[in-house]
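Report on the structure
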Amino acid sequence: FNINTTSINFDSYGVSGVTASLGNLNITGASTTSVRTGRSPNGGVFTLTTGTVTLAAASRLYMFLDMTATINYTSADWNLQGDFFVTSSVTGAFSSNVTVNGNVTINMLGGATRFDINYAAAGAAENVTFTVTGNTTVTNAKGWFHMVDGGTGTLNFTTTNLTLTDGVSNILSQATGA
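None of these values were measured; they are calculated from a predicted model. (Residues numbered from 1 in each chain as written. Predicted model: local features only at pLDDT ≥ 70, side-chain atom pairs only at ≥ 80, totals over all residues. Heavy atoms only, no water.)

**Structural notes on the overall build of the protein**
Regarding its fold elements, the protein presents zero helices and 18 strands. Residue burial in the protein is summarised as follows: out of 178 residues, 41% are buried. Expressed as a percentage of contacts within the protein between residues at least 6 apart in sequence, the contacts between residues at least 24 apart total 83%. Element-wise, carbon and sulfur atoms account for 50% of the exposed surface of the protein, whose accessible area totals about 7,200 Å². (Helix = DSSP H or I, 4+ residues; strand = E, 2+ residues; numbered from the N terminus. Buried < 20%, exposed > 50% of the residue type's maximum accessible area, 1.4 Å probe, protein only. Contact = heavy atoms within 4.5 Å. Areas by Shrake-Rupley, 256 points an atom, 1.4 Å probe, with all protein chains shown as cover.)

Put into structure tokens, the structure is as follows:
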């Protein structure tokens, strides 16, 4: 799946119990992409599988935007240079189970590049389990590398090796309160 210089939402305001598979995601150009947006009724469950995710420096990718659901996301390698948010929420309680079967490579080439597993406003509560079966490498961190940024909840992070080279703001977990 290739996306170049466009904004696209694969889903908006969905239903619960959804399972989707997208194959490889290759996002280039100045694009903003959201894979899934909106609250699921009664919390719900959303399961997504992708192949390798490649994100260019000028691009922004929100995997799950403003969700209140249980999120199960499995992918192959991540090769990221642009803004990447697995979840971004303004309210509610939810959980994310993210597994990368391979390596996560984040090379922040842009001046304000951002990486968040969970970017949440105060009052949002998320429990995050993030597993990388290979290595996690962050280089040229001129922006931020955050696992849990805001809200409340827990983080369980597993990787073979974590390498942070450089960095302006590297945070594994910070809560802003409820």
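Having seen it, we continue.
**Side note on the nonpolar core**
Within soluble globular proteins, side chains that are nonpolar tend to cluster in buried spots. Core analysis: the biggest nonpolar cluster contains 30 residues, and Met 63, Tyr 73, Trp 78, Phe 84, Phe 115 and Phe 130 have the highest contact counts within it. The element that contributes the greatest number of residues to this core is strand β5 (residues 45–55), accounting for four residues. (Core = buried A, V, L, I, M, F, W, Y, C linked by side-chain atoms within 4.5 Å.)

**Description of the confidence of the model for the protein**
Scored by pLDDT, the protein comes out at a mean of 76, with 71% of its residues at no less than 70. Per-element confidence in the protein ranges from a low mean pLDDT of 53 for strand β2 (residues 7–9) to a high of 90 for strand β8 (residues 78–80). (pLDDT = per-residue confidence, 0-100.)

**Looking at the packing of aromatic side chains**
Using the criterion set out here, one finds six aromatic pairs in the structure. Centre to centre, the rings of Trp 78 and Phe 130 are 5.5 Å apart; their planes meet at 20 degrees, and the pair counts as stacked. Of this pair, Trp 78 sits in strand β8 while Phe 130 sits in strand β13 (residues 125–132), placing them 52 residues apart in sequence. The same class applies to Trp 78 and to Phe 130, which are both buried. (Phe/Tyr/Trp six-rings, centres within 6.5 Å; stacked < 30°, edge-to-face > 60°.)

**Concerning the environment of Thr 159**
Tracing the backbone shows Thr 159 in the loop between β16 (155–158) and β17 (162–164). Along the sequence, Thr 159 and Gly 134 sit 25 residues apart, while their C-alpha atoms lie 6.2 Å from each other. The contact partners of Thr 159, leaving out residues within four places of it in the chain, are Val 132, Gly 134, Asn 135 and Thr 136. From its side chain, Thr 159 meets the backbone oxygen of Gly 134 in a polar contact 3.1 Å long. Here the side chain of Thr 159 touches Thr 136 through a polar contact of 2.9 Å, side chain to side chain. (Polar contact = N/O pair within 3.5 Å; in protein donor to acceptor, adjacent residues only side chain to side chain.)

**Observations regarding the pattern of salt bridges**
Enumeration according to the criterion identifies one salt bridge in this entry. In this structure, Asp 83 engages Arg 60 in a salt bridge whose closest nitrogen and oxygen atoms are separated by 2.8 Å. One end of the pair, Asp 83, is in strand β9 (residues 83–89); the other, Arg 60, is in strand β6 (residues 60–65), and 23 residues separate them in sequence. Since its relative accessible area comes to 27%, Arg 60 is described here as partly exposed. (Salt bridge = Lys/Arg side-chain N within 4 Å of Asp/Glu carboxyl O.)

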